[in-house]
Amino acid sequence: MEAYAEFARVYDMFMDNIDYPAWSEYVVSLLEDYEIRDGLVLELGCGTGSMTELLAERGYDMIGVDNSEEMLAEAMEKRAESGKDILYLLQDMREFELYGTVRAVVSICDSMNYITEEEDLLTVFRLVNNYLDPGGIFIFDLNTVYKYEKILGQNTIAENREEGSFIWDNDYDPETGLNVYELALFLPRQDGLYEKYEELHYQRAYALDTVKRLLLQAGLVFETAYDAFTRNTPRDDSERIYVIAKEHGKN
């Protein structure tokens, strides 16, 4: 069961609770803290391109990387409607390649949590460092251990709409830090019946100390971490944090 296959075509509908404009303003403010107001910016795990489009509107020359062909198809439909000059690449974050360096790399909506092995996350960090301009900035968010343990846990999330329904079962293992989402989608067909689709999604909770250690190993310098959408230090009960790191020479 491939993640983000059938879910891709209804992803934006079910994720309409995410205030992408507000998220993008926050990301832009973090970029501007480091004097990055234009130039090439890479978004890793760009999905359907909602954030990519908004950053392009703010004047950044955007590249979007995602390993789901279905999600990128949705992103390219948005690009066709908006007329934005965005380059989308169908690549795995653990193996992505660019034609040159970029001023910044951003990754939101817990894309980094989808990297479930430390060695793979280290590989991603090393690639980011390799493709950043000297002194370039890496901004990414993470769901926290607290969120997986206390908010998601063993809970089930369900939603029913005319355009479709889903049941999202969470199974978090505190020993491994692995969270498995079992997603069941029920989407309408032309004959009025509903067809069921199933997907499995895997994420891993990373402690901030682990992230700092891996950034250091990758040659990046940890700058700071914030409780999401603030400039405050992460709390014990923060559900999402933003991490900022800087390029500091190539390994």
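Please refer to the structure higher up on the page.
Residues numbered from 1 in each chain as written. Predicted model: local features only at pLDDT ≥ 70, side-chain atom pairs only at ≥ 80, totals over all residues. Heavy atoms only, no water.

Chemist: Mind showing me how you'd approach the packing of helix α5 (residues 118-131) against helix α7 (residues 208-217) here?
Modeler: A pair of packed helices is characterised by two quantities: the angle between their axes and the separation of those axes. With their axes 9 Å apart at the nearest point, α5 and α7 run at an angle of 50° to one another. Compared by their axis directions, α5 and α7 come out oblique. Seen from above, α5 lies across α7 with right-handed handedness. From α5, E118, L121, L122, F125 and R126 reach across to α7, where they touch T210, V211, R213, L214, L215 and Q217. Of the residues belonging to the contact of α5 with α7, the class tally is six nonpolar, two polar and three charged. (Axes fitted to C-alpha atoms, helices over the stretch in contact; angles between N-to-C directions. Helix = DSSP H or I, 4+ residues; strand = E, 2+ residues; numbered from the N terminus. Parallel < 35°, antiparallel > 145°, perpendicular 65-115°, else oblique. Left-handed = near helix turned anticlockwise from the far one by under 90°. Contact = heavy atoms within 4.5 Å. Nonpolar A, V, L, I, M, F, W, Y, C, P; charged D, E, K, R; others polar.)

Chemist: Teacher, can you tell me more about the packing of helix α2 (residues 20-33) against helix α3 (residues 50-57) here?
Modeler: Contact geometry of α2 with α3 gives a least axis separation of 10 Å together with a crossing angle of 55°. As judged from the angle between their axes, α2 and α3 are oblique. Crossing angle aside, the handedness with which α2 passes α3 is right-handed. Here Y20, P21, W23, S24, V27 and V28 of α2 come into contact with α3, specifically with S50, M51, L54 and L55. Taken together, the residues of the contact of α2 with α3 sort by class into eight nonpolar, two polar and no charged.

Chemist: What is the right way to read the sheet that holds strand β3 (residues 87-90) from this model?
Modeler: Hydrogen bonds between backbone atoms are what pair the strands of a sheet, whose relative direction is either parallel or antiparallel. What the seven strands build is an open sheet, ordered β3-β2-β1-β4-β5-β11-β10; its pairing is mixed. Edge positions in the sheet fall to β3 and β10 (220-227), since each of these pairs with one other strand and no more. Shown here is a sheet whose adjacent strand axes are inclined to one another by a mean of 20°, direction ignored. In terms of strand pairing, strand β2 (residues 60-66) meets β3 through four bridges, oriented parallel. Directly across from I63, in β3, lies its bridge partner L87. Across the sheet, helix α4 (residues 69-82) is in contact with β2 and β3; its angle to β3 comes to roughly 170°. (Pairing = 2+ DSSP bridges.)

Chemist: Looking at this model, I keep getting lost on the side chain of E247. Mind explaining?
Modeler: Positionally, E247 belongs in strand β11 (residues 240-247). When its relative accessible area of 7% is taken as the criterion, E247 is described as buried. From its side chain, E247 meets the backbone nitrogen of G135 in a polar contact 2.8 Å long. Leaving out residues up to four positions away in the same chain, E247 has contacts with N129, L132, D133, P134, G135, G136 and L220. (Buried < 20%, exposed > 50% of the residue type's maximum accessible area, 1.4 Å probe, protein only. Polar contact = N/O pair within 3.5 Å; in protein donor to acceptor, adjacent residues only side chain to side chain.)

Chemist: Sorry, what's going on with the pattern of salt bridges here?
Modeler: Any two side chains of opposite charge can pair, so long as their charged atoms come close to each other. Taken as a whole and assessed by the stated rule, the structure comprises 13 salt bridges. D33 serves as the salt-bridge partner of R231, at 2.8 Å between the closest nitrogen and oxygen. Here the residue R231 occupies a position in the loop between β10 and β11, and D33 occupies one in helix α2, the gap between them amounting to 198 residues. On the basis of relative accessible area, R231 is assigned to the partly exposed category, the value being 38%. (Salt bridge = Lys/Arg side-chain N within 4 Å of Asp/Glu carboxyl O.)

Note that all results are geometric; they support no functional claim without further evidence.
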